[in-house]
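# Chains, contacts and geometry: an overview
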Amino acid sequence: DGDKLERIARFPTRYALHGGPKFTPDGRYVFFASRDGWVTKYDLWNLKTVAEVRAGINTRNIAVSGDGRWVIAGNYLPHTLVVLDARDLSLVKLVPVADKSGKTSRVSAVYDAAPRKSFVAALKDIPEVWELTYDPKAPPVYEGYVHDYRHGEGVAAQGPFPVRRILLDDVLDDFFFDQKYDHLIGASREAGKGQVVNLNVRRKIATVDLPGLPHLGSGITWQWKGTPVLATTNLREGIVSVIDMKEWKSVAAIPVSGPGFFLRSHEATPYAWVDAMN
């Protein structure tokens, strides 16, 4: 209870939930994913579990579509993306994750891009980002180059949730979006560099210096001196990096008492909170 700060309910879950709870737009249902692949739907009005399915053997995280109709699970094992109907968690589509040569990959992260009406996934083992639209009015998705799709020269991807590939220089372990969802900012755990990907032109447009091991999945953005900036914690070093999102350059490295995992804020406060681990 947010007013009384008292527990309303306690319920058992599957083993090792990961990726955070994901809510439907009306706030009634919440979805959880466990490390061993179970996806659970919980009714917050009636305080009970209403659906459950196993979507993988080792699951990274899930996302819920902005319209509340779909749930997608990204798996380490098997190498798949799994689209589920949010009503009963029935299977809608199983998407094998592989590049054009057939090399398969784990999914390192998948998130909803609500303004784009799509899911966006980063891949752990091949340098690609995938965008899967759930917009029924989206234009066709073609693999490779097409001289003029109006002449019927290309063959569009068939079925719902077609994959639009973005080829990168390096893999991404995690990422987050700018406020307009035009750009994706991500990093790998080995590179020490961040990649800025424009989702509209579908290519990397900038490289950002990010020392240590940035945790971009928990990044936040705000306006600073008329310029949009982002801040991210670091899993290896006791710093919070602040990046100018116009020039894509570092403007500050704020020391904190230890490595941090989450960084949070909201529109009604001038403050941000970081969980520094001592």
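Shown above is the structure to which this text applies.
Below is a summary of the structure that appears in this document. (Residues numbered from 1 in each chain as written. Predicted model: local features only at pLDDT ≥ 70, side-chain atom pairs only at ≥ 80, totals over all residues. Heavy atoms only, no water.)

## A closer look at the overall build of the protein chain
Worth spelling out the cut-off: Counting from the N terminus, the helices are the DSSP runs of H or I reaching at least four residues and the strands are the DSSP runs of E reaching at least two. For the radius of gyration, the atom set is restricted to C-alpha positions; the globular benchmark scales as 2.2 Å times the number of residues to the power 0.38. By definition in these notes, contact holds between two residues if any of their heavy atoms fall within 4.5 Å.
The helix and strand inventory of the protein chain stands at zero helices and 22 strands. For a compact globule of 278 residues, the expected C-alpha radius of gyration is about 19 Å, and the protein chain comes in at 19 Å, within 12% of that figure. When its C-alpha atoms are laid out on the principal axes, the protein chain stretches across 60 × 50 × 30 Å. Residue pairs at least 24 apart in sequence account for 39% of intrachain contacts in the protein chain once pairs closer than 6 positions are excluded.

## Considering the layout of surface pockets
To keep things clear, this is the line we draw: Think of a 1 Å grid over just the protein atoms. A cavity is a set of points where a 1.4 Å probe fits yet cannot get out, a pocket is an open set with protein on both sides within 12 Å along at least five of seven lines, and lining residues have an atom within 4 Å of a point. Grid points are joined across faces, edges and corners, and a volume is the space filled by probe spheres set on the points.
One number sums up the size of the largest pocket: a volume of about 1,000 Å³. Among the elements that make up the lining of the largest pocket, the one with the highest residue count is strand β17 (residues 214-224) (eight residues).

## Remarks on the nonpolar core
This is how it is decided: In this description, a nonpolar core means a group of buried Ala, Val, Leu, Ile, Met, Phe, Trp, Tyr and Cys residues linked to one another through side-chain atoms lying within 4.5 Å. Relative accessibility under 20% of the residue-type maximum defines a buried residue, over 50% an exposed one, and the middle range a partly exposed one, all with a 1.4 Å probe and only protein chains included.
Ranked by size, the top nonpolar core spans 18 residues in total, and within it Ile72, Leu81, Phe119, Trp130, Leu132 and Phe161 carry the most contacts. Of all the secondary-structure elements, those providing two or more residues to this core are β6 (70-77), β7 (80-85), β9 (107-113), β10 (118-123) and β11 (128-133). Ranked by residues supplied to this core, first place goes to β10 with three residues. Membership of the second largest hydrophobic core comes to 14 residues, among which are Tyr29, Val71, Val82 and Ala86.

## With respect to the environment of Thr13
As for its position among the elements, Thr13 is in the segment before β1 (22-23). Accessibility expressed as a relative area gives 46% for Thr13, which makes it partly exposed.

## Digging into the side chain of Thr133
Operational definition: Here a polar contact is recorded for every N or O atom pair within 3.5 Å, except that within protein the pair must consist of a potential hydrogen donor and a potential acceptor, and residues adjacent in sequence are included only if both atoms are side-chain atoms.
The residue Thr133 is located in strand β11 in this model. At a separation of 3.0 Å, a polar atom in the side chain of Thr133 contacts the main-chain amide nitrogen of Asp135. Ignoring any residue separated from it by four or fewer positions in sequence, one finds Thr133 in contact with Lys117, Ser118, Ala138, Phe161 and Pro162.

## Overview of the sheet that holds β1
To keep it simple, the criterion reads: The pairing criterion is simple: DSSP has to find at least two bridges between the two strands.
Spatially, β1-β2-β3-β4 is the arrangement adopted by the four strands of the open sheet, whose pairing is antiparallel. The open sheet has two free edges, formed respectively by β1 and β4 (48-54), since each of these has just one partner strand. In terms of strand pairing, strand β2 (residues 29-33) meets strand β3 (residues 38-43) through five bridges, oriented antiparallel. Bridge pairing in β3 links Val30 to Tyr42.

## Let's talk about the pairing of strand β13 (residues 174-177)
Where burial is concerned, the two faces of β13 agree: the one with Asp174 and Phe176 and the one with Phe175 and Phe177 are both buried. As paired strands, β13 and strand β14 (residues 183-187) are joined by four bridges and run antiparallel to one another. Pairing of Phe176 across the sheet is with Ile185, part of β14.

## Considering the side chain of Thr233
Its place among the elements puts Thr233 in strand β18 (residues 227-234). Its relative accessible area of 1% is what places Thr233 among the buried residues. A polar atom in the side chain of Thr233 sits 3.5 Å from the side chain of Ser218. Here the side chain of Thr233 touches Gly260 through a polar contact of 3.4 Å, landing on its backbone oxygen. The residues touching Thr233, leaving out its near neighbours within four places in the chain, are Leu213, Pro214, His215, Ser218, Ile239, Gly260, Phe261, Phe262, Leu263 and Val274.

## Describing the packing of aromatic side chains
Put simply, the rule reads: For this analysis, a ring pair means two rings from Phe, Tyr or Trp (six-membered ring only for Trp) whose centres lie within 6.5 Å, classed as stacked if their planes differ by under 30 degrees, edge-to-face if by over 60, and tilted for the remaining angles. Note on geometry: a ring has a charge over it if NZ (lysine) or CZ (arginine) is within 6 Å of the ring centre and within 35 degrees of the ring normal.
On inspection of all chains with the given rule, the structure shows eight aromatic pairs. Plain terms: the ring middles of Phe261 and Phe262 are 4.6 Å apart, the flat faces sit at 80° to each other, and that makes the pair edge-to-face. In this structure, Lys41 is placed above the aromatic ring of Tyr29, and the distance from its NZ or CZ to the ring centre is 4.2 Å. For the cation-ring pair, Arg106 lies above Tyr76, with the distance from its terminal atom to the ring centre recorded as 5.3 Å.

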